[in-house]
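Structural description and commentary
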Amino acid sequence: MSTSRVICAGFGGQGVMSMGQLMTYAGMLENKEVSWLPSYGPEMRGGTANCSVTISDEPVGSPIITDDATAAIIMNSPSLVKFQGDVVPGGVILINSSLIHEKCERDDIQAYYVDALEISKELGGTKFANMVMLGAFLAIDDSVNIDSVLEAFKKVFGKSKEKFIPVNRQALEAGYNAVMSQKK
């Protein structure tokens, strides 16, 4: 049995919810059991936002992830402080080092630092940072694959945004490669 329990967290507007939705839809496309639980701060855009995603080969008992995340994708400093304690020992935390300059305080989890904004800028703008971080996640967790995420992109964003699939593939691959280079 394989189960991934992932927290995606950052400021509203960073694409945190989109990351979670893409993972969830990708899991559905791969015939897995999934759950997605969003949580917004009162300010929405610019406020805090996070979501919990579970992708499993078995039925999901609860969508709530409190202190048993296998991974966390962290987009900003307040989220690092809030969620690094929720990752199980032996789990993984992916940190957007473009905005987070402190290091993970735990030594019982694997931390990867991804300069998501800089990588995104190389692709033509800052709006791909969430996809870079999602690609980084795919390098450490094989619960879904890149092709399923890109197929899910059509469901999450609709037909009018399909023209952005090639650059989003590049963003996913760049994030994947950023983590793979750290694993060596």
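Just so it is clear, the model here is predicted, and its values are computed rather than measured.

Conventions adopted
Residues numbered from 1 in each chain as written. Predicted model: local features only at pLDDT ≥ 70, side-chain atom pairs only at ≥ 80, totals over all residues. Heavy atoms only, no water. Helix = DSSP H or I, 4+ residues; strand = E, 2+ residues; numbered from the N terminus. Rg over C-alpha atoms; globule rule 2.2 N^0.38 Å. Buried < 20%, exposed > 50% of the residue type's maximum accessible area, 1.4 Å probe, protein only. Contact = heavy atoms within 4.5 Å. Areas by Shrake-Rupley, 256 points an atom, 1.4 Å probe, with all protein chains shown as cover. Lys, Arg positive; Asp, Glu negative; His and termini not counted. Charge placed at Lys NZ, Arg CZ, Asp CG, Glu CD. Axes fitted to C-alpha atoms, helices over the stretch in contact; angles between N-to-C directions. Parallel < 35°, antiparallel > 145°, perpendicular 65-115°, else oblique. Left-handed = near helix turned anticlockwise from the far one by under 90°. Nonpolar A, V, L, I, M, F, W, Y, C, P; charged D, E, K, R; others polar. Disulfide = S-S within 2.5 Å. Salt bridge = Lys/Arg side-chain N within 4 Å of Asp/Glu carboxyl O. Pairing = 2+ DSSP bridges.

**Considering the overall build of the protein**
- Helices and strands together make up the secondary structure of the protein, namely six helices and six strands.
- Secondary structure elements in the protein, listed N-terminal to C-terminal, are β-α-β-β-β-α-β-β-α-α-α-α.
- Computed over its C-alpha atoms, the radius of gyration of the protein comes to 15 Å, within 12% of the 16 Å expected for a compact globule of 184 residues.
- When its C-alpha atoms are laid out on the principal axes, the protein stretches across 40 × 40 × 40 Å.
- Relative to its 184 residues, the protein shows a buried fraction of 50%.
- Taking as baseline every contact in the protein between residues at least 6 positions apart, the subset at least 24 positions apart corresponds to 56%.
- Summing over all exposed atoms, the protein offers an accessible surface of approximately 8,600 Å²; the carbon and sulfur share of this is 50%.
- Here the protein carries 16 positive and 21 negative side-chain charges, and the mean point of each set is 9 Å from the other.

**Description of the packing of helix α1 (residues 16-29) against helix α4 (residues 129-140)**
- Running from amino to carboxyl end, α1 crosses α4 at an angle of 45°, the nearest separation of the two axes being 9 Å. Looking at the two axes, α1 sits oblique to α4. Viewed along their axes, α1 and α4 form a crossing whose handedness is right-handed. Here Ser18, Met19, Leu22 and Met23 of α1 come into contact with α4, specifically with Asn130, Met131, Met133, Leu134 and Phe137.
- A class-by-class count of the residues in the contact of α1 with α4 yields seven nonpolar, two polar and no charged.

**Quick word on the state of the cysteines**
- Scanning the entire structure with this criterion turns up zero disulfides.
- No disulfide involves cysteine 51; its sulfur sits 4.2 Å from the nearest other cysteine sulfur, which is in cysteine 8.

**Examining the environment of leucine 150**
- With respect to the secondary-structure elements, leucine 150 resides in helix α5 (residues 146-157).
- Sequence-wise, leucine 150 and valine 81 are 69 residues apart; in three dimensions their C-alpha atoms are separated by 31 Å.
- Those residues in contact with leucine 150 that sit more than four places away from it in its chain are Ile165, Asn168, Arg169 and Leu172.

**A closer look at the pattern of salt bridges**
- Here the structure, examined in full by the defined rule, presents seven salt bridges.
- One salt bridge connects lysine 32 with glutamate 30, and the closest N-O pair in it is separated by 3.6 Å.
- Exposure remark for lysine 32: the relative accessible area of 22% places this residue in the partly exposed category.
- Lysine 154 is the partner of glutamate 151 in a salt bridge, and the nearest nitrogen-oxygen pair spans 3.1 Å. Pair noted here: glutamate 151 and lysine 154 are both in helix α5, with a separation of three residues, about one helical turn.
- Assessed through its relative accessible area of 31%, lysine 154 is described here as partly exposed.
- Among the charged side chains, a salt-bridge network with shared partners connects Asp147, Arg169 and Glu173.

**Notes on the sheet that holds strand β3 (residues 48-56)**
- Across the sheet, six strands lie side by side as β2-β3-β1-β4-β5-β6; this open sheet has mixed pairing. At either margin of the open sheet sits one strand with a lone partner, and together these are β2 (33-40) and β6 (110-114). For this sheet the average axis-to-axis angle between neighbouring strands, irrespective of direction, equals 15°.
- Sheet strands in contact with α4 are β1 (3-11), β4 (69-74), β5 (87-96) and β6, and its direction is about 150° off that of β5.

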